[in-house]
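Descriptive structure summary
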Amino acid sequence: MHIPFCAHKCHYCDFYSLVDPRDRQGSFVDRLGRELHALAPWGRGASLATIFVGGGTPSLLPPFLWDRLLGVLHEAFDLTSLEEFSVECNPESVSPELFSTLVRGGVTRVSMGAQSFNPSHLKTLERRHSPGNAGRALAMARDAGIPRQSIDLIFGIPGQTLDDWKHDLDDALALGTEHLSCYNLTYEPGTAMTARLKRGEFTPADEDVEVEMFRITLSAARGAGLERYEVSNFAKPGAQCRHNLVYWRGGNWLAAGPSASGHINGHRWKNTPRLDDYLSIDRDGFAPVSEHETPDPGRALTERLMTGLRLSEGLERAWVVAQATALHAGAASGLARAIERQTALGFLETDPARLCLTDAGFLVGDSVILELAGALDL
Amino acid sequence: MPDQTPHIRNFSIIAHIDHGKSTLADRLLQATNAVSAREARDQILDSMDLERERGITIKASAVTVMHRHKLGAKADDLEAEYEAPVDESGKHASKKGAPEEHGDLFMLNFIDTPGHVDFNYEVSRALKACEGAILVVDSTQGVQAQTLVNAYLAVNENLTIIPVINKIDLPGARPIDVAMEIEQTLGFRAEDCLLVSAKSGLGIPELLASICEKLPAPRAPVSDQLRALIFDAVYDDYRGVITYVRVFDGSLKLGDKIRMMGTGRTFQVTDLGKMTPKPVRVPSLGPGETGYVVAAIRTLKDVRIGDTVTLEHNPATEALPGYQPPRQMVFCDFYPATSDGGDAPDFEELREAVEKLSLNDSSFTFAPVHSEALGFGFRCGFLGLLHMDIIQERLEREGGVEIVQTAPTVSYHVLVRGTDTVVSPSGQTLKPVDPATGNATDIPPGHTLVDVHNPAELPNPSTIAQIREPICRLEVMVPQEYIGDIMKLCLDRRGTYKNQSMVSATRQLLTFEIPLAEIIYDFFDKMKGMTSGYGTMDYEVTGYRSDNLAKVDILINGDPVEALALICHREKSEQRGRALISRLKEQIPRHQFEIPLQAAIGGKVVARETIKAFRKNVIAKCYGGDVSRKRKLLDKQKEGKKRMKSVGSVTIPQEAFMAVLDQGD
């Protein structure tokens, strides 16, 4: 579920969001409610296993609107076997009242956008909270009865030293978090920060420093008992974000809200990323869709390589070979050669059952995926 | 009363590129009402899209128009307004009054010529069909290098030249200075230059009068046997080859059985006519006339430009002088771009496109070639660099194939010890130099002189006695202040200074002798750059000469890449090798591993560079399961990679194969 509202549009962010003086939040929640009702039959009677609410800043919705939204959710769907219900929060926009509303609605997990514990780096990112906020917000959530928590951090911020990053990691782990997402700052096309980079307003982080940051992230997380399960995600045993695993494992999920994307058995679609359209176009409750893809075996395998290899568990080797063989004569042999090469370079594990990246492979994961997907010769 | 037999004037328009030759041709057609203003498109004579886009004329065309002129008329009496269209039957219909009142009828045959040095051969054969030439000079640019070269060609053919100063309507026009330049460099009297604006039509009636008054009539026939010079041929999908001829003696009629005197081949004439510029059929072509001939000729290979056409039943005894085979001076490989590892379908597409284009342009050569790095392709020979660019563009545009082009090399003559057949390292037989080119000279006893136009085919170095390379006479025209820079550039490129002469008070003409190999890469751009765009140049290959040349191998990740090998002067091999691998370093993206780049002569490394491995290559976040977006990014990268070529495990962008061109020293 995508809640597109933010108090401020941070200049590095390329997700769909907008600063709204609250006057459209009510009609947005009502519209989202209609979409959820429309989507419900698509669950085919099965109960939902996981829910993830992202944004934007979902915690910016006032408790009474959350109450309305959660009510619709329970009305439309069978949530009796819900295993995980995550909501993204920003440290500065939470309150005990919000958390108790979320708990009442079945929320089991919060993902806290701390990003950094260093005031100057928070300023560089245009984040508005202060370093202590994140810890206080997490304590508040725990006190309200939300059992699972995650912290989001960003590294490779211009001006950030290796030591600064170590401190951020230490501060996050000191909060006893069971789940950590550490994202290397990327300059996405079309963002204000990318434009400023192009104008030479600041110096981006050095590649060698970023590589070192990747390394110490891994060792610090491991030191605190968190293992990498995805390129940028670390968790204590059993504390992985199950909803995210659905994405990486090629599972099925529904999508609601502007710019949200869904996937069911190879069909992929994405809602139009425009609040006005979302509010004004209502086809029996369904949202306007700007992209839709239908199943295609070659594309499906490419996507599985792309998503599956991002996980430490990787993919089942035999399954990959079978899929490639079914594509066309050259695909399996091409893929086998590419796998052999990437293994020789030390980027793929030699595990006979699983096809997965090594620690070195994670650093260059996209190039490994490109080599493998390219070898399918589609 | 029937029209009297018209006076005939055959002429060409010659000029430096962009001096307005094609616009002038259009204006003449319009002024004689051959085309209406409404019909007039820019540059009517240039039939190919490419020609219009690049603003240059590639293929010469011949057009016939009728014009009335009172011989001896004074400038004030010229009837600027009066012109009448040629009707379907070729008759000249009058608009007001009897046609005869408006003077004698003139048949003007004009032949549009290519303006670039690469096509000098086409220019000179077109000039052989003429008695006169209009030399066009831009009044803002003045005399340029190609102006001179083209004028020399016309003088060599004994043509009468009318100097025309064009674009006099432009604010920057300085016709008096330019007239002085023409007098200074070419010896025409400044006051004989006609002032014209092809764009506005100013001076056009005077030019038409001058064509009728000053250009000589065709020479009288010397016999009754047909002798017609083939000065151009184009391929038409529906009618086969359309040949343009100029009749000198005898006459050619529809249905005649003709014989090409050079090849001995015979054909039946099925269509005969003139372009006005629309095709108009005529029953016969007489002495002095030009026109087109259709005779069921299937490919351009069956026609030699410069050959003489005679009649099968009453043949002439001697051909007209003129035939020379076109000389390919520049060679490079074309490979299909999308092919990875030499997929058959892409190569077949390229083959089809090349073969189809060769029907249209017989002056480029092609032979299949295979490269480890680039798969299957063609080794092609061109008249010059522009010709190469044009062929590449036409293959891509008309043939719908994407091409990887390797760096061009010149044709070397290699003197090998022994008289056995000479073979290349890949086992190909190397052809001895054709004595007809006039360059198969100074072959000592017990030696063989072979043609090598691919560095990869250089025979075993221990058998090589000499490597000879084409030498040019280069003319550069520059403003005074750049002379020092141009001197330095030419001397750096193994040029020898020959002569300097004044064009005007501020501009000089410099003449050098310089190896062609030194001007086929980035010379033109450098010259333009250092003269702020004011310099112009032209060159002509004059012969072959030996020098201390060597083959430089380029190794990527330890593998020699033949498509990047080059032949250069031994003293410059280190510099060239270093420059090339630094360019490669910029062109080849970082890989998952370190890539050494080396330049070597016979196993001895003269320069090296390393492309470091990338250390990090991963998208940090893939938000909310928006997999499609990331996959599209991956597809794009995959597509990009497909367009690259693999050498061992290294993928090389196609641009890298052109890196040899851009030395950036």
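Structural data are supplied above this passage.
Residues numbered from 1 in each chain as written. Chains lettered and ligands numbered in written order. Predicted model: local features only at pLDDT ≥ 70, side-chain atom pairs only at ≥ 80, totals over all residues. Heavy atoms only, no water.

Before going further, it helps to examine the overall build of chain A. Helices and strands together make up the secondary structure of chain A, namely 15 helices and 15 strands. Out of the 378 residues in chain A, the part that is buried amounts to 55%. Long-range pairs, those at least 24 residues apart, make up 69% of the contacts in chain A with a sequence separation of at least 6. Per element, the accessible surface of chain A, about 15100 Å² overall, is 54% carbon and sulfur. (Helix = DSSP H or I, 4+ residues; strand = E, 2+ residues; numbered from the N terminus. Buried < 20%, exposed > 50% of the residue type's maximum accessible area, 1.4 Å probe, protein only. Contact = heavy atoms within 4.5 Å. Areas by Shrake-Rupley, 256 points an atom, 1.4 Å probe, with all protein chains shown as cover.)

Bringing the nonpolar core into the picture now. In terms of nonpolar packing, the biggest core is built from 92 residues, with Leu153(A), Leu180(A) and Leu372(A) touching the most fellow members. When residues in this core are grouped by element, the largest group, seven residues, is from helix H2 (residues 63-76) of chain A. Of the residues that make up this core, three or more belong to each of domain 1 (2-248) and domain 2 (297-374) of chain A. Discounting chain neighbours no more than four positions away, the residues touching Leu153(A) are Ala114(A), Gln115(A), Ser116(A), Phe117(A), Trp165(A), Asp168(A), Leu169(A), Ala172(A), Leu180(A), Ser181(A), Cys182(A) and Tyr183(A). Core analysis: the second largest hydrophobic core is formed by 60 residues, Leu108(B), Val137(B), Leu148(B) and Ala151(B) among them. (Core = buried A, V, L, I, M, F, W, Y, C linked by side-chain atoms within 4.5 Å. Domains from an automatic or database assignment.)

Moving on, we get to the packing of aromatic side chains. Within the structure shown, the criterion is met by 15 aromatic pairs over all chains. With centroids separated by 4.7 Å and ring planes inclined at 65°, the aromatic side chains of Tyr247(A) and Trp253(A) adopt a geometry described as edge-to-face. Pairing Phe364(B) with Phe366(B) gives two aromatic rings, centres 5.9 Å apart and planes at 35°, and the pair type is tilted. Taking the relative accessible area as the measure of exposure, Phe366(B) reaches 26% and is therefore partly exposed. Of note, Arg228(A) hangs over the ring of Phe362(A), and the distance from its end group to the ring centre comes to 4.1 Å. The residue whose ring lies beneath Arg246(B) is Phe248(B), and the NZ or CZ to ring-centre distance is 4.2 Å. (Phe/Tyr/Trp six-rings, centres within 6.5 Å; stacked < 30°, edge-to-face > 60°. Lys NZ or Arg CZ within 6 Å of the ring centre and 35° of its normal.)

You'll often see interface size given as the accessible area lost when the parts meet. Listed as interface residues are 50 residues of chain A and, on the opposing side, 29 residues of chain B. Of the roughly 3700 Å² buried at the junction of chain A and chain B (both faces included), carbon and sulfur atoms supply 52%. Its largest share of buried area at the contact with chain B, chain A owes to Glu207(A), Asp366(A) and Leu370(A), together 15% of the area lost on that side. Lys270(A) is the salt-bridge partner of Asp626(B), the closest N and O atoms lying 2.9 Å from each other. For the interface between chain A and chain B, the tally reads 16 residue pairs in polar contact (both at pLDDT 80 or more). Of the residues forming the side of chain A that touches chain B, the biggest block, nine residues, is contributed by helix H15 (residues 365-375) of chain A. Its residues assigned to classes, the side of chain A that touches chain B shows 19 nonpolar, 12 polar and 19 charged. (Buried area = accessible area lost by both parts, 1.4 Å probe. Salt bridge = Lys/Arg side-chain N within 4 Å of Asp/Glu carboxyl O. Polar contact = N/O pair within 3.5 Å; in protein donor to acceptor, adjacent residues only side chain to side chain. Nonpolar A, V, L, I, M, F, W, Y, C, P; charged D, E, K, R; others polar.)

Attention now goes to the side chain of Glu293(A). The residue Glu293(A) is located in strand E13 (residues 289-293) in this model. By relative accessible area, Glu293(A) is classed as buried at 13%. Separated by 2.9 Å, the side chains of Glu293(A) and Arg631(B) make a polar contact. When sequence neighbours within four positions are dropped, the list of residues in contact with Glu293(A) reads Gly266(A), His267(A), Arg268(A), Arg299(A), Glu303(A), Ser628(B), Arg631(B) and Lys632(B).

The next thing to look at is the sheet that holds strand E11 (residues 261-264) of chain A. Strands in a sheet are paired, the pairing made by backbone hydrogen bonds, and the direction either parallel or antiparallel. Read from one edge to the other, the open sheet built from three strands follows the order E11-E12-E13 (chain A), with strand pairing classed as antiparallel. Looking along the sheet, the strands with just one partner apiece sit at the ends: E11 and E13 of chain A. Across the sheet, the mean angle from the axis of one strand to that of its neighbour is 15°, orientation sign disregarded. Across the sheet, helix H13 (residues 627-642) of chain B lies against strand E12 (267-271) and E13 of chain A, angled at about 60° from E13(A), the strand it touches most. (Pairing = 2+ DSSP bridges. Axes fitted to C-alpha atoms, helices over the stretch in contact; angles between N-to-C directions.)

Our next topic: the pattern of salt bridges. Across all of its chains, the model carries 63 salt bridges over all chains by this definition. The residue Glu201(A) makes a salt bridge to Arg199(A) at a minimum N-O spacing of 2.8 Å. Its relative accessible area of 44% is what places Glu201(A) among the partly exposed residues. With relative accessibility at 57%, the residue Arg199(A) sits in the exposed group. Between Arg227(B) and Asp249(B) there is a salt bridge, and its shortest N-O distance comes to 3.1 Å.

Another point: the packing of H15(A) against H13(B). Describing two packed helices takes the angle between their axes plus the distance from one axis to the other. One can describe the packing of H15(A) onto H13(B) by two numbers: an axis separation of 10 Å at closest approach and a directional angle of 65°. When the axes of H15(A) and H13(B) are compared, the pair comes out roughly perpendicular. Crossing handedness for the pair H15(A) and H13(B): right-handed. Across from Ile369(A), Leu370(A), Glu371(A), Ala373(A) and Gly374(A) in H15(A), the residues of H13(B) making contact are Leu634(B), Gln637(B), Lys638(B) and Lys641(B). When grouped by side-chain class, the residues that make up the contact of H15(A) with H13(B) number four nonpolar, two polar and three charged. (Parallel < 35°, antiparallel > 145°, perpendicular 65-115°, else oblique. Left-handed = near helix turned anticlockwise from the far one by under 90°.)

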